[in-house]
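Reading the structure
Okay, here's what each chain looks like letter by letter:
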Amino acid sequence: MERAWWKEAIVYEIYPRSFMDSDGDGVGDLRGIISRLDYLKELGIDVIWLAPVYQSPNDDNGYDISDYQAIMKEFGTMEDFDEMLEGIHARGMRLVMDLVVNHTSDEHAWFVESRSSKTNPYRDYYFWREGKDGREPNNWGSCFSGSAWKYDETTDMYFLHVFSKKQPDLNWDNPKVREDVFSMMNWWCEKGIDGFRMDVISFISKEEGLPDGPKFPGALHGFPRCVNGPHVHEYLQEMNREVLSKYDLMTVGECSGVTIEEAKKYARADGKELSMVFQFEHVGLDDGKFGKWTDRRMELKGFREVMSKWQTELEGKAWNSLFLGNHDQPRSISRFGNDDPRYREVCAKMLATCIHMMQGTPYLYQGEELGMTNCPFETLEELRDIESINAFHELTESGKIDPEDMMRYINLRGRDNARTPMQWDDSANAGFTTGTPWIKVNPNYTKINAMAQQKDPNSVFHYYQKLHRLRKEEDVIVYGKYQLLEPESESLYVYTRTLEKDKLLVICNFTDQEVSYRIPEEFSNGRILIGNLREEGTSAEETVQLKPYEAIVLKVVQE
Ligand code: TEU
């Protein structure tokens, strides 16, 4: 397998609105990030993925961009950005920017022009259609509830928005759109950034004629026909020729709805498209009748099957991204593990071990390195996320879900769980701001915060540090081949990694019970490389008795 810096890297996602506020307006900003770069260096990460910081009216917290080449006022200035980039590079880290080009804001100059008349030169930058029988042009629903079409009086036509009404979809079939997007990307590359995380890039090519989409049971609308569309690979190869191939970049496509076969094209090993993709199969396993709005729990069996499938099938053909959480997902410890204070720390370390020992580039979401948990939201007024708020109205007002149940589902699955302020210390507002935070602070910040964990050598923070160090020391962690053991176990996730003579055995107990496990013969001389309850360098018994949520990684060097 070919070596690459981005395969060896660990990526840390910053959600700037909630990371660190430097000026007391209650909103995180770039100078706040600058003030915490030493913290990230200490943690041992290599790459920062920065969620959008561009000018935006913030209908969807920056994922609705009104100027791709300006910084959002609340976040600072372009000078702050340049200083931040310099600070990141000076510390030997790199910066990957969020690229949101499936749609713009309706306040973007292109859309303002496009909307103004049917003959405007920007008209075809977006999808404008006549209504059908006095209704929307087709049955597509928006990912944020309601129809994906909005009627616009100016020209008596509808425009397409797969996300919010303030996020009109760009028409990638128009070569001028592609040209403008690529030139904007080149501008950022010339500034010296190190890559892009591409927002819903799997949605950019819509099916010709925009036919009705399939309607899933329980759904109010059809699903937009735009996932892995007919020209998506052609457009990404063009982007690669025009932009990506000219620089030494890391690129990751957010590919909702991606299959293994599609991933092999997006992240093809010959580098003609992207470095890697985010797949979402493992974070859809606990969905129910109403999609994510459910109290279904993630089960080990399904999780293990899906992860193993991606591990083995991409081997040598494409590269995996490894993640359990991000700004769209609930907190990983609350979802995949157990956030009960009795188990929280051990469990957070177990989940980290499980994911960091797989093949692929690990992504860490801010606060995950502290074991930050879901946040209790008591009322609708406490919520900030457009997805949750719209879904609450749509599903309760149509009588599909009872309001109390819906609040419970939002508490389990809503995106605001991951968006509460970063917990820096036990002072007011967790040290995030001196003002009033834009979203509630998780009340558990007095117990879970960075300052306390930096001081405690047994903390989750220090465990991540160790994982990061090991990745630099052991090629087998990066490049080793994955093999699943014990596929039927009810409690353990066990797998091996092999690179030439080096071999790892990873054992993770996903339950709050003790579980015994007989170590396979070939690992009988193994030494503990890392474990959340055992000392490094020691050996393990023939049959180990794993404590609740214990994780052990054994290493052997074969003769
Ligand atoms: O998310 C895309 C996406 O697929 C989401 O709709 C996701 O399915 C949902 O959030 C899970 O509940 C990206 C961004 O990561 C997200 O923050 C944006 O809201 C969205 O695109 C629109 O830009």
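The structure this text deals with has already been given above.
Quick look at the structure, then. Everything quoted here is computed from the prediction, not taken from an experiment.

Rules of the game
Residues numbered from 1 in each chain as written. Predicted model: local features only at pLDDT ≥ 70, side-chain atom pairs only at ≥ 80, totals over all residues. Heavy atoms only, no water. Helix = DSSP H or I, 4+ residues; strand = E, 2+ residues; numbered from the N terminus. Contact = heavy atoms within 4.5 Å. Polar contact = N/O pair within 3.5 Å; in protein donor to acceptor, adjacent residues only side chain to side chain. Near = heavy atom within 4 Å. 1 Å grid on protein atoms, 1.4 Å probe; cavity = no way out; pocket = protein on both sides within 12 Å on 5 of 7 lines; lining within 4 Å. Sits in = over half its atoms within 2 Å of the grid points. Nonpolar A, V, L, I, M, F, W, Y, C, P; charged D, E, K, R; others polar. Salt bridge = Lys/Arg side-chain N within 4 Å of Asp/Glu carboxyl O. Buried < 20%, exposed > 50% of the residue type's maximum accessible area, 1.4 Å probe, protein only. Core = buried A, V, L, I, M, F, W, Y, C linked by side-chain atoms within 4.5 Å. Phe/Tyr/Trp six-rings, centres within 6.5 Å; stacked < 30°, edge-to-face > 60°. Pairing = 2+ DSSP bridges. Axes fitted to C-alpha atoms, helices over the stretch in contact; angles between N-to-C directions. Parallel < 35°, antiparallel > 145°, perpendicular 65-115°, else oblique. Left-handed = near helix turned anticlockwise from the far one by under 90°.

Looking at the environment of asparagine 374
In this fold, asparagine 374 is placed in the loop between β13 (361-365) and α12 (386-397). As a C-alpha pair, asparagine 374 and serine 18 span 356 residues in sequence and 14 Å in three-dimensional space. Contact partners of asparagine 374, with chain neighbours within four places excluded, come to Pro330, Arg331, Ser334, Asp339, Asn411, Leu412, Asn417 and Asn442. At 3.4 Å, the side chain of asparagine 374 and the backbone oxygen of leucine 412 are in polar contact.

Comments concerning the site of the ligand
Neighbouring the ligand are 17 residues; Asp60, Asp199, Ser256, Lys292 and Asp328 lie closest to it. One of the side-chain N or O atoms of lysine 292 is found 2.3 Å from an oxygen atom in the ligand. Counting atoms within 2 Å of the grid points, the majority share of the ligand lands in the largest pocket. The class makeup of the residues in the shell around the ligand is four nonpolar, four polar and nine charged.

Side note on the pattern of salt bridges
Counting across every chain of the model gives 43 salt bridges. Between arginine 135 and glutamate 136 there is a salt bridge, with the nearest N and O atoms lying 3.1 Å from each other. With a closest N to O distance of 3.2 Å, lysine 466 and glutamate 536 form a salt bridge. Taken together, the residues lysine 466 in helix α15 (residues 460-473) and glutamate 536 in the loop between β18 (527-531) and β19 (543-546) connect sequence positions 70 residues apart. Residue classification places lysine 466 among the partly exposed positions, given a relative accessible area of 25%. One salt-bridge network, in which partners are shared between bridges, spans Asp60, Lys292, Asp328, Asp385, Glu387, Arg415 and Arg419.

What about the nonpolar core?
Counting 147 residues, the largest nonpolar core has Phe81, Met185, Phe196 and Tyr493 as its most contacted members. Considering each element in turn, this core owes the most residues, eight residues, to helix α11 (residues 344-356). The residues contacting phenylalanine 196, other than those within four sequence positions of it, are Val96, Met97, Leu99, Met185, Trp188, Cys189, Leu244, Leu249, Met250, Thr251 and Val252. Grouped together as the second largest cluster of nonpolar side chains are 15 residues, Val494, Ile507, Val544 and Leu546 included.

Thoughts on helix α7 (residues 232-242)
If you check which residues of α7 are buried, you get Val232, His233, Tyr235, Leu236, Glu238, Met239 and Asn240. Those residues of α7 hidden inside the fold are in contact with β5 (94-99), α6 (175-191), β9 (195-198) and α8 (260-266).

A few points about the packing of aromatic side chains
Taken as a whole and assessed by the stated rule, the structure comprises 34 aromatic pairs. Between phenylalanine 19 and tryptophan 424 the ring centres are 5.1 Å apart and the planes differ by 75°, which places this aromatic pair in the edge-to-face class. Of this pair, phenylalanine 19 sits in the loop between β1 (11-14) and α2 (30-35) while tryptophan 424 is found in the loop between α13 (403-413) and α14 (450-455), placing the two residues 405 residues apart along the sequence. The burial state of phenylalanine 19 is the same as that of tryptophan 424; both residues are buried. Taken together, a centroid distance of 5.5 Å and an interplanar angle of 70° make the contact between tyrosine 493 and tyrosine 495 edge-to-face. Of the two residues, tyrosine 493 and tyrosine 495, both sit in the buried class. Cluster of aromatic residues (ring-pair linked, three or more members): Tyr54, Tyr68, Phe81, Trp110, Tyr122, Tyr125, Trp187 and Trp188.

With respect to the sheet that holds β18
Reading across from one edge, β14-β15-β16-β20-β18 is the order of the five strands in this open sheet, with antiparallel pairing throughout. Two strands bound the open sheet, and with one partner strand each, they are β14 (481-485) and β18. The average angle at which neighbouring strand axes cross in this sheet is 25°, direction not considered. Its contacts with the sheet put helix α9 (residues 300-314) on β14 and β15 (492-499), and the angle it makes with β15 is roughly 15°.

Some points on unusual backbone geometry
Look at aspartate 156: it is not a glycine, yet its phi comes out positive at around 55°. In this fold, aspartate 156 is placed in the loop between β7 (149-152) and β8 (157-160). Accessibility expressed as a relative area gives 46% for aspartate 156, which makes it partly exposed. The phi dihedral of valine 200 is positive, around 25°, even though this residue is not glycine. For valine 200, the position within the fold is in the loop between β9 and α7.

Some thoughts on the environment of lysine 555
Within the secondary structure layout, lysine 555 lies in strand β20 (residues 551-557). Note: C-alpha distance between lysine 555 and isoleucine 528 (27 residues apart in sequence) is 6.3 Å. With residues up to four places along the chain from it excluded, the contact list for lysine 555 reads Glu474, Asp502, Lys503, Leu504, Gly526, Arg527 and Leu529. Among the polar contacts made by the side chain of lysine 555, one reaches the side chain of glutamate 474 at a distance of 2.9 Å.

Looking at the packing of α11 against α15
Two numbers describe how α11 lies on α15: the axes approach to 9 Å, and their chain directions differ by 15°. If you check the angle between α11 and α15, you find them roughly parallel. Handedness of the crossing formed by α11 with α15: right-handed. Between α11 and α15, the contacting residues are Glu345, Ala348, Lys349, Ala352, Thr353 and His356 on the first element and Val460, Tyr463, Tyr464, Leu467, His468 and Arg471 on the second. A class-by-class count of the residues in the contact of α11 with α15 yields six nonpolar, three polar and three charged.

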